[in-house]
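# Survey of secondary and tertiary structure
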Amino acid sequence: MAVYKRGYQRYEGTRTTAWERLMVLPRYSWSRLITQRLVIAVLMMSAFWPLLCAIFIYIANHGELLAGFGQGFQRFLAVDGNFFRVFMSVQSVFAIALAAMTGPGLIAPDLANNALPLYFSRPMSRWEYVLARLMVLGGMLSAVTWIPGLLIYGMQVGMAGSDWFSKYWNLGLAVFVGFLMLVLLTSLVALASSAWVKWRVVAGALVLGFFFVLAGAAQMMNAIFRDKAGSLLNPIYLLERLWMSMMGIDSPSESEPGLVQCVFALLGLCGLMLLVLERKLRPVEVVK
Amino acid sequence: MAPVLELDNLRVQLGRREILKGLSCRLGVSGEGGRAIGLLGPNGAGKSTLIQTMLGFHVPLSGSAKLFGYDCHRNPKEVRARLGYMPENDSFIAEMTAVSFLRMMGELSGMPRGAALEKAHETLFHVGLGEARYRKLGTYSLGMKQMAKLAQAIIHGPDLVILDEPTNGLDPAARLRMLTLIHEIKATHKMNVLLCSHLLHDVEETCDEVLILKDGLIVHHANLEEERRSNRRFVELELAGATGGFAAALSTLGAAGVDEGEGRWRIVLPPGVEIAALWRLAAERQLQVRKLTYRRDTLEEIFLKAVGHIRATPGDATKPPPLPEPAVAEVTHGRL
């Protein structure tokens, strides 16, 4: 029977599980995001670098193609920790750009439209809401970070064989964990910016500013105080230190902060973002 | 069966101000479903805070608020799974079409995808937005937005629908439509309704019970059904014809009547005797009923009395003070 003829009847059917309810917001957000041309364009662009890296790995593992080149060039084609560090650094730029584009559209419209009371009057807590929004960004950023990273790593393992794997087994773990840390920090920064300001453009600028302006500020502090402690404010530096350490290619100078300090600084930044979300994501604003 | 809402010495503090100061009551005790409770009070009385506490948005300082036996603070998910909320302010996602928005809200409330889509269409037709269901919510007029908010509150068929100022900004036709829908929600679909409104007439038309708050305290809890029933016991009658023996006839009904001269009578009917009995009595004695009125304690009077603007209901013999003209509603032959 046509809907308009049927009339309203109270729903008394089955109810979905908590997990299915949690996935509702990510599903709707993903379906909205993949209709945006700019997002698709960035996703496509972010696939070029992994593609180039794949070609690089193919060439590096086919010695017959390099017969005419000298030893220097063959050393340049070595697939090791440095190769994956460069791969991760380039991909992280795409990840940050993607987060700056998609993140602000996740919470800011809900705040601008006063939609939070509608979400929180349903069986959904504030932290479930944050988790759902994190999953949106986590899913998007995974497509440009650890998924292509592990594919590249798997390709190299497949071509180079078990000897290479036994020597560089830690690189796969470093790619996965390192990218996960990047995804977590970037997503939290994007969500916090989105919750902090209601204008998307400004929120997007905040995300970029967090990574690039803070890096500049850290350099300035280092120059002013003639020290390296300011680097603890630079999220890109902190992430790279973590990656390099896991890859076994970390060789900091004595004046640079230690790895443990870097990890705590990263966790501190994540905590700061969670604090912003905790303060901003309220179903009602209480004027004290 | 647990009452719809049970407050036990509920105190809520926001900042340094105590907004709710020890509320205790049980509302919707019948447990049959389809009860409408009105929440009234002057500005700043704590109505919105009470609603938000029921939704689990505020942590009580002490005491508890329970909906259907579930503590709103300790079991927020169980509570929220059973209710639908229509906020007072604009609250939606402007870039979504009404169908997508309702479907998403249905799914968030625990409906499977297919059922949510079906119900989204069904509910939008029900509230009169069927033809506009593929339009973005941001393009809706104020009245349409109110209807969309109502639709999202009832799509999942909750046990309790909380409506915060549902008729705000509606023109008379839309307001009537909204009130009809609210009446249908409780009478036909057996959902309980908690209606918070400044418009006393809306509450009077739709609610069975009313809770009046003032300065964070409950100043009155009235069962409107019982009030209406008891008010119908006080009748003023104007008869034409020979009224001799009418007093004796009244006593056969168990009613007491005073002849005020010129065919005018003041009558108090006993509980269980309806006004129709007077019509029968007059008809049996060939008396012509010129006028029949009964006192109606309007909600406005109850409200003003509760918040202290008047000391007692006009015409209420049990309370001494001023007795202006009683508010009466004329019951015509046609209406009976």
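Residues numbered from 1 in each chain as written. Chains lettered and ligands numbered in written order. Predicted model: local features only at pLDDT ≥ 70, side-chain atom pairs only at ≥ 80, totals over all residues. Heavy atoms only, no water.

## So, the overall build of chain B
A count of helices and strands for chain B gives eleven helices and 15 strands. The burial tally for chain B puts 52% of its 336 residues in the buried class. By sequence separation, contacts in chain B at least 24 residues apart represent 66% of the contacts at least 6 residues apart. Put simply, chain B shows about 14,800 Å² of open surface, and 49% of that area lies on carbon and sulfur atoms. (Helix = DSSP H or I, 4+ residues; strand = E, 2+ residues; numbered from the N terminus. Buried < 20%, exposed > 50% of the residue type's maximum accessible area, 1.4 Å probe, protein only. Contact = heavy atoms within 4.5 Å. Areas by Shrake-Rupley, 256 points an atom, 1.4 Å probe, with all protein chains shown as cover.)

## As for the side chain of glutamine 152 of chain B
Its place among the elements puts glutamine 152 of chain B in helix H5 (residues 142-154). Judged by its relative accessible area of 0%, glutamine 152 of chain B falls in the buried class. Looking at glutamine 152 of chain B, its side chain comes within polar contact range of the main-chain oxygen of tyrosine 85 of chain B, at 2.7 Å. If we ignore the near neighbours within four places in the chain, the residues touching glutamine 152 of chain B are Leu118 and Arg122 of chain A together with Tyr85, Met86, Pro87, Phe101, Leu102 and Met105 of chain B. (Polar contact = N/O pair within 3.5 Å; in protein donor to acceptor, adjacent residues only side chain to side chain.)

## Regarding the confidence of the model for chain B
All names here are of chain B. The pLDDT averaged across chain B works out to 84; a share of 89% of its residues lies at or above 70. Averaged over each element, pLDDT in chain B is lowest for strand E15 (residues 328-330) (38) and highest for helix H3 (residues 98-108) (96). Throughout residues 312-336 the model reports pLDDT below 50, and contacts reaching past four residues in sequence, or to other chains, amount to 38 contacts. Reported for the predicted complex are a pTM of 0.82 and an ipTM of 0.87. (pLDDT = per-residue confidence, 0-100.)

## Points about the interface of chain A and chain B
Residue-level contacts link 35 residues of chain A with 50 residues of chain B. Counting each side, the surface lost to burial between chain A and chain B is near 3,900 Å², with a carbon and sulfur contribution of 58%. If you look at where chain A meets chain B, you find four salt bridges. For glutamate 107 of chain B, the salt bridge identified is with arginine 27 of chain A, shortest N-O distance 2.3 Å. For the side of chain A that touches chain B, the secondary-structure elements that each account for two or more residues are helix H1 (3-6), helix H3 (24-33) and helix H9 (116-120) of chain A. (Buried area = accessible area lost by both parts, 1.4 Å probe. Salt bridge = Lys/Arg side-chain N within 4 Å of Asp/Glu carboxyl O.)

## Some words on a nonpolar patch on the surface
Residue and element names in this part refer to chain A. On the surface, Met45, Phe48, Leu51, Leu52 and Ile55 cluster together into a nonpolar patch covering about 520 Å² of accessible area. With four residues, helix H5 (residues 48-60) is the largest single contributor of residues to the nonpolar patch. Considering the arrangement of structural elements, one finds methionine 45 in helix H4 (residues 37-45). Look at methionine 45 and you get partly exposed, because its relative accessible area is 42%. (Patch = residues over 30% accessible without salt bridge, like charges linked within 9 Å, V, L, I, M, F, W, Y side chains within 5 Å.)

## A few points about the packing of aromatic side chains
Summed over all chains, the structure comprises twelve aromatic pairs over all chains. For the pair phenylalanine 210 of chain A and phenylalanine 211 of chain A, a centre-to-centre distance of 5.2 Å together with 85° between the ring planes defines the contact as edge-to-face. Three or more aromatic residues link up through ring pairs in this structure, and these residues are Phe56, Phe83, Phe84, Tyr153, Trp164 and Tyr168 of chain A. Here lysine 280 of chain A stacks its cationic end above the ring of tryptophan 196 of chain A, 5.1 Å away from the centre of that ring. Here the basic side chain of lysine 119 of chain B rests over the ring of tyrosine 8 of chain A, its NZ or CZ set 5.7 Å away from the ring centre. (Phe/Tyr/Trp six-rings, centres within 6.5 Å; stacked < 30°, edge-to-face > 60°. Lys NZ or Arg CZ within 6 Å of the ring centre and 35° of its normal.)

## Some points on the nonpolar core
Ranked by internal contacts, the top residues of the largest apolar core, which has 165 residues, are Phe84 and Tyr119 of chain A together with Leu50 and Met104 of chain B. Apart from the residues within four sequence positions on either side, tyrosine 119 of chain A is in contact with Leu25, Asp110, Met124, Tyr129 and Arg133 of chain A together with Ile93, Met104, Met105 and Leu108 of chain B. With 18 residues, the next largest nonpolar core counts Ile267, Leu278, Ala282 and Leu287 of chain B among its residues. (Core = buried A, V, L, I, M, F, W, Y, C linked by side-chain atoms within 4.5 Å.)

## Let's talk about the packing of helix H8 (residues 104-112) of chain A against helix H13 (residues 200-225) of chain A
A pair of packed helices can be characterised by two numbers: the angle between their axes and the separation between those axes. Residue and element names in this part refer to chain A. Packing of H8 against H13 leaves a shortest axis separation of 10 Å and a crossing angle of 140°. On the basis of their axis angle, the class for H8 and H13 is oblique. In the packing of H8 onto H13, the handedness of the crossing is right-handed. For the pair H8 and H13, contact is made by Pro104, Gly105 and Pro109 and by Arg200, Ala203 and Gly204, respectively. Residue classes in the contact of H8 with H13 are distributed as three nonpolar, two polar and one charged. (Axes fitted to C-alpha atoms, helices over the stretch in contact; angles between N-to-C directions. Parallel < 35°, antiparallel > 145°, perpendicular 65-115°, else oblique. Left-handed = near helix turned anticlockwise from the far one by under 90°. Nonpolar A, V, L, I, M, F, W, Y, C, P; charged D, E, K, R; others polar.)

## Brief notes about helix H11 (residues 299-306) of chain B
Of all eight residues in H11 of chain B, six are buried, a share of seventy percent or more. With its phi angle positive at about 90°, glycine 308 of chain B sits one or two positions after the end of H11 of chain B.

## Here we look at the sheet that holds strand E10 (residues 217-223) of chain B
Paired through backbone hydrogen bonds, the strands of a sheet run either parallel or antiparallel to each other. Residue and element names in this part refer to chain B. With mixed pairing, six strands are arranged side by side in an open sheet as E6-E7-E8-E3-E9-E10. Looking at the sheet topology across the chains shown, the edges are occupied by strand E6 (83-86) and E10. Recorded for the sheet is a direction-independent mean angle of 15° between the axes of neighbouring strands. Bridge count between strand E3 (residues 36-40) and strand E9 (residues 209-214): four bridges; the pairing is parallel. Each bridged residue has a counterpart across the sheet, and for leucine 39 the counterpart in E9 is leucine 211. In the packing of H5 onto the sheet, the strands contacted are E6 and strand E7 (160-164), and the crossing angle to E6 comes to about 165°. Contacts between helix H6 (residues 172-187) and the sheet are confined to E3, E6, E7 and strand E8 (192-196), with E8 contributing the most and set at about 145° to the helix. (Pairing = 2+ DSSP bridges.)

## Concerning the sheet that holds strand E4 (residues 62-67) of chain B
Residues and elements named next belong to chain B. The antiparallel open sheet is built from four strands, whose spatial order is E2-E1-E4-E5. Strands at the two margins of the open sheet, each flanked by one partner only, are strand E2 (17-27) and strand E5 (70-71). Looking at chain direction, strand E1 (residues 5-14) and E4 are connected through five bridges and run antiparallel. Following the sheet pairing, arginine 11 is matched in E4 by serine 62. Packing against the sheet, helix H1 (residues 47-54) makes contact with E1, E2 and E4, and its axis sits at approximately 110° to E1.

## A look at the environment of isoleucine 236 of chain A
All names here are of chain A. Tracing the backbone shows isoleucine 236 in helix H14 (residues 235-247). For the pair isoleucine 236 and asparagine 113, spaced 123 residues apart in the sequence, the C-alpha separation amounts to 34 Å. If we skip the residues at most four places from it in the chain, isoleucine 236 touches Phe211 and Phe212.

## Focus on the pairing of E1 of chain B
All names here are of chain B. The pairing of E1 with E2 spans eight bridges and is classified as antiparallel. Opposite leucine 7, over in E2, you have cysteine 25 as the bridge partner. What sits between the antiparallel neighbours E1 and E2 is a turn of two residues, in which glycine 15 has the positive phi angle 65°.

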